[in-house]
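Given next are the chains, with one letter for each unit.
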Amino acid sequence: ELKVEQNPLFLSMQEGKNYTIYCNYSTTSDRLYWYRQDPGKSLESLFVLLSNGAVKQEGRLMASLDTKARLSTLHITAAVHDLSATYFCAVPALRTQGGSEKLVFGKGTKLTVNP
Amino acid sequence: DTGVSQNPRHKITKRGQNVTFRCDPISEHNRLYWYRQTLGQGPEFLTYFQNEAQLEKSRLLSDRFSAERPKGSFSTLEIQRTEQGDSAMYLCASRMKGQMNTEAFFGQGTRLTVV
């Protein structure tokens, strides 16, 4: 059964600092997704990582995928308050009976960026 | 609005009552998913439709839960005889079949509170 683990679960950082969130998963997958969730809101797609070695950047966020290590990272550069949110990684379960490719999510990393 | 739409946004109900939620996916998406999210957790998969066919259900989905997607368009999720443990955010997502590189797009969710 596919399991997805994120760490840290809580991250408090000062504006201007850098940090990395880690996402490990337990079974082979060729894709990984990062989502952002603001309090009381739904999930916003941030990155779609489709292959080993994939790297994508958007503003102060950069995501990478290593399928051999079953590891993805979300790197935050020079954090600003607007990045405060919960970040989820999600991995599709590829061999399900109904072919759903349902997403298995990590528990999320709650990021707070302090002025 | 071309995104995934869910109604109602909030529902408060008394224990033992039945509730029904609606999801309107992105019009050209034939894959539809329901997830449940409790406080501090990532979303958990409930069920999956491809067009009108319900192809996959999670073991989390008890007999009190039923979902439909008539004509492969909108979907409904009904919970009968609600219990306090059903309190959660219910998220609907849709995705286009046949394109490996697309992510699931989530609706705003329906927050259910059972009192």
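To be clear, the structure that these remarks concern was listed above.
The rules behind each value
Residues numbered from 1 in each chain as written. Chains lettered and ligands numbered in written order. Predicted model: local features only at pLDDT ≥ 70, side-chain atom pairs only at ≥ 80, totals over all residues. Heavy atoms only, no water. Helix = DSSP H or I, 4+ residues; strand = E, 2+ residues; numbered from the N terminus. Rg over C-alpha atoms; globule rule 2.2 N^0.38 Å. Buried < 20%, exposed > 50% of the residue type's maximum accessible area, 1.4 Å probe, protein only. Lys, Arg positive; Asp, Glu negative; His and termini not counted. Charge placed at Lys NZ, Arg CZ, Asp CG, Glu CD. Contact = heavy atoms within 4.5 Å. Buried area = accessible area lost by both parts, 1.4 Å probe. Salt bridge = Lys/Arg side-chain N within 4 Å of Asp/Glu carboxyl O. Polar contact = N/O pair within 3.5 Å; in protein donor to acceptor, adjacent residues only side chain to side chain. Nonpolar A, V, L, I, M, F, W, Y, C, P; charged D, E, K, R; others polar. 1 Å grid on protein atoms, 1.4 Å probe; cavity = no way out; pocket = protein on both sides within 12 Å on 5 of 7 lines; lining within 4 Å. Points joined across faces, edges and corners; volume = space filled by probe spheres on them. Core = buried A, V, L, I, M, F, W, Y, C linked by side-chain atoms within 4.5 Å.

**Student:** Just to check I follow, could you spell out the overall build of chain A for this structure?
**Tutor:** The number of helices and strands found in chain A is 0 helices and 11 strands. When the helices and strands of chain A are listed from N to C terminus, the series reads β-β-β-β-β-β-β-β-β-β-β. Its C-alpha atoms give chain A a radius of gyration of 14 Å, within 12% of the compact-globule value 13 Å for 115 residues. Each principal axis of the C-alpha distribution contributes one length, and for chain A these read about 50 × 30 × 20 Å. When the 115 residues of chain A are sorted by exposure, 47% land in the buried category. The distance from the centre of the 13 positive side-chain charges to the centre of the 10 negative ones in chain A is 4 Å.

**Student:** What am I meant to see in the interface of chain B and chain A here?
**Tutor:** A common way to express how large an interface is: the accessible area buried when the components associate. On the side of chain A, 25 residues touch chain B, which itself brings 25 residues to the contact. For the pair chain B and chain A, the summed buried area comes to about 1900 Å², and 51% of that belongs to carbon and sulfur atoms. Along the contact surface separating chain B from chain A lie 2 salt bridges. Here B:R95 ties to A:E101 by a salt bridge, and the two come within 2.9 Å at their closest N and O atoms. Inspection of the chain B/chain A interface yields 12 residue pairs in polar contact (both at pLDDT 80 or more). Elements represented by at least two residues in the side of chain B that touches chain A include exactly β4 (31-37), β5 (44-50), β6 (53-57) and β9 (88-95) of chain B. Here the element with the most residues in the side of chain B that touches chain A is β4(B); it accounts for 4 residues. Each residue belonging to the side of chain B that touches chain A can be placed in one class, and the counts come to 11 nonpolar, 8 polar and 6 charged.

**Student:** Any chance you could explain empty space enclosed by the protein here in plain terms?
**Tutor:** Gaps between atoms show up when a probe of the same size as a water molecule is rolled over them. Counted according to the given criterion, the structure contains 1 cavity of 30 Å³ or more. Taken together, A:R31, A:Y33, A:P92, A:E101, A:L103, B:Y33, B:Y35, B:R95, B:T102, B:E103 and B:A104 form the lining of the largest cavity. For the lining of the largest cavity, the residue count by class is 6 nonpolar, 1 polar and 4 charged.

**Student:** How should I be thinking about the nonpolar core in this particular structure?
**Tutor:** Soluble globular proteins tend to bury their nonpolar side chains together. By size, the foremost hydrophobic cluster in this structure holds 27 residues, and its most contacted members are A:V4, A:L32, A:W34, A:L74, A:I76, A:Y87 and A:L111. Top element by residues in this core is strand β9 (residues 85-92) of chain A. It accounts for 4 residues. With sequence-adjacent residues up to four places away left out, A:L74 is seen in contact with A:Y19, A:T20, A:I21, A:W34, A:F47, A:L61, A:M62, A:A63 and A:Y87. In this structure, B:V4, B:C23, B:L32 and B:L61 belong to the second largest nonpolar core, which totals 19 residues.

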